[in-house]
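Spelled out, the chains give:
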Amino acid sequence: MLISETIAVALGALRANKLRSLLTMLGIVIGVGAVIAMVALGNGAQKSVKDRIASLGATMLQVNARRVQSQGVRSQDLKAMTLADVKMIQERATLLTAIQPQQDGRMQVQWGAKNSNSDIVATTSNYASVRKYTVAAGRMFSDAEDYAKQRVAVLGYSLLQQLGVEHPEALIGESIRIRGIQFLVVGVLASKGTGGFGDPDDLILIPMQTGRFRVFGRERLNDINVLARSEGEIPDAMAELTKIMRRAHRIRDGQQDDFQIRAQTDFLATLDETTRTFTYLLAGIATVSLLVGGIGIMNIMLVSVTERTREIGVRKALGATRGNILMQFLIEAVVLCMLGGLIGVGAGVGGALAMSDIFHWNTTVVPESVVIAFAFSAVVGLIFGVWPARRASSLDPIQALRYE
């Protein structure tokens with residue numbers, strides 16, 4: 001029997017039972033669609049992480065306080081970082097282009113009859129340039145306003161929605177209250193977007209000296225952010241910064257640092273590994289449904305073999321070989337899975353787009369995931385179709401003809 005004739009017989013058998021074929025494909029459709037949609041969701045999360053880190057600047061370094069261990073016991077007190085550390089960095093660093101200290105905390109914000117909670121950041125006037133923000137309306141506060149402890153504020157873009165304002169210009173010159181203290185709004189930052197974790201636009205910038213003496217009432221800094229001159233000089237800049245901070249904190253040789261310096265590449269590596277694991281987890285869960293669909297196909301093919309036992313006997317009596325029968329049932333199983341895979345690809349891509357449009361989740365469909373999911377569906381059909389096909393091909397023609 002020619003291979004073309006075998007294929008025609010297999011396709012004819014599927015057309016003869018259209019509803020059963022469609023229901024059989026449903027498991028594969030759901031499995032392939034789920035794999036593509038979940039992988040797209042994971043890839044979208046990875047892209048969001050990379051975009052967020054890139055938006056902060058590849059050369060930015062962040063200095064934080066760290067608890068140290070002494071004789072096996074971890075200290076519960078953090079060594080405070082202050083503006084004295086910032087001054088020493090400014091005086092001694094040669095590989096840095098900018099230094100931006102900050103204090104921050106979440107506080108209540110009031111504007112007229114409306115109120116919200118936002119991150120209050122006391123910082124220097126170079127915050128926008130260091131953190132890659134642009135000003136949508138108004139201006140940043142100046143060094144003179146910082147030195148004079150002026151009560152001026154620059155709002156993040158999310159505050160507009162929280163306060164019910166449509167245009168950023170509407171808030172320029174308005175007065176808001178932060179923890180009951182009145183501030184004059186002088187600028188509004190342009191939106192950076194949510195990026196998948198946290199909201200970089202949910203913040204209010206105030207001058208460092210104002211924050212120290214009028215809002216937070218403390219000397220301790222939360223972070224010191226600095227910019228290296230280039231990506232290639234980041235290791236040297238980190239080494240220089242470490243040396244300066246150890247000298248500022250009077251740390252002797254052999255003693256552990258009471259601070260830590262992290263580059264944006266460190267954040268990227270950690271978050272990228274996390275999101276990659278998240279993607280694999282989602283893909284693994286979705287693959288289970290694809291395997292369940294394959295089991296369903298094997299079950300239906302076994303039922304089909306039982307129902308068509310007499311047909312198999314007739315075909316063998318007319319000269320069909322075991323290979324012809326084996327090929328026919330394998331083709332039926334693979335065609336079911338491939339058709340289901342094609343429909344599943346459409347469903348998966350559509351599901352990814354729907355998650356992006358409806359829920360505003362970041363999704364990215366990559367061709368590799370589509371090809372792998374479709375190829376895997378064909379492999380599932382081949383694997384789970386072997387047993388029914390072998391069972392059909394091994395039937396004794398005489399016994400098959402007697403089957404009722």
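Report on the accompanying structure. This is a predicted model, so every value here is computed, not measured. (Residues numbered from 1 in each chain as written. Predicted model: local features only at pLDDT ≥ 70, side-chain atom pairs only at ≥ 80, totals over all residues. Heavy atoms only, no water.)

Some words on a nonpolar patch on the surface
Judged by side-chain polarity, Leu19, Leu23, Leu26 and Ile30 come together as a nonpolar surface patch covering roughly 420 Å² of accessible area. Residue classification places Leu23 among the exposed residues on the basis of a relative accessible area of 55%. (Patch = residues over 30% accessible without salt bridge, like charges linked within 9 Å, V, L, I, M, F, W, Y side chains within 5 Å. Areas by Shrake-Rupley, 256 points an atom, 1.4 Å probe, with all protein chains shown as cover. Salt bridge = Lys/Arg side-chain N within 4 Å of Asp/Glu carboxyl O. Buried < 20%, exposed > 50% of the residue type's maximum accessible area, 1.4 Å probe, protein only.)

Concerning helix H12 (residues 367–393)
Its 27 residues give H12 an end-to-end C-alpha distance of 38 Å, which sits within 8% of 39 Å, the value for a rise of 1.5 Å per residue. When the local axis directions of H12 are compared, the greatest deviation, roughly 40 degrees, occurs at Val386, which is followed within four positions by the proline Pro388. For H12, the complete set of buried residues consists of Ser369, Ala373, Ser377, Ala378, Val380, Gly381, Phe384, Gly385, Pro388, Ala389, Ala392 and Ser393. (Helix = DSSP H or I, 4+ residues; strand = E, 2+ residues; numbered from the N terminus. Expected span 1.5 Å × (residues − 1). Bend = angle between axes of the 7 residues up to and from the residue.)

As for unusual backbone geometry
In this structure, Arg179 is a non-glycine residue whose phi angle is positive, near 55 degrees. Take Arg179: it is sitting in the loop between strand E8 (175–178) and strand E9 (181–189). The phi angle at Arg250 is positive, at roughly 55 degrees, despite the residue not being glycine. Among the structural elements, Arg250 can be located in the loop between helix H8 (234–248) and strand E12 (259–263).

Description of the environment of Met355
Examined against the element boundaries, Met355 turns out to sit in helix H11 (residues 322–358). Here Met355 falls in the buried class, since its relative accessible area comes to 11%. Sequence separation between Met355 and Ala40 is 315 residues; the distance between their C-alpha atoms is 9.9 Å. Residues contacting Met355, with those up to four places away along its chain left out, are Ala37, Met38, Leu41, His360, Trp361 and Thr363. (Contact = heavy atoms within 4.5 Å.)

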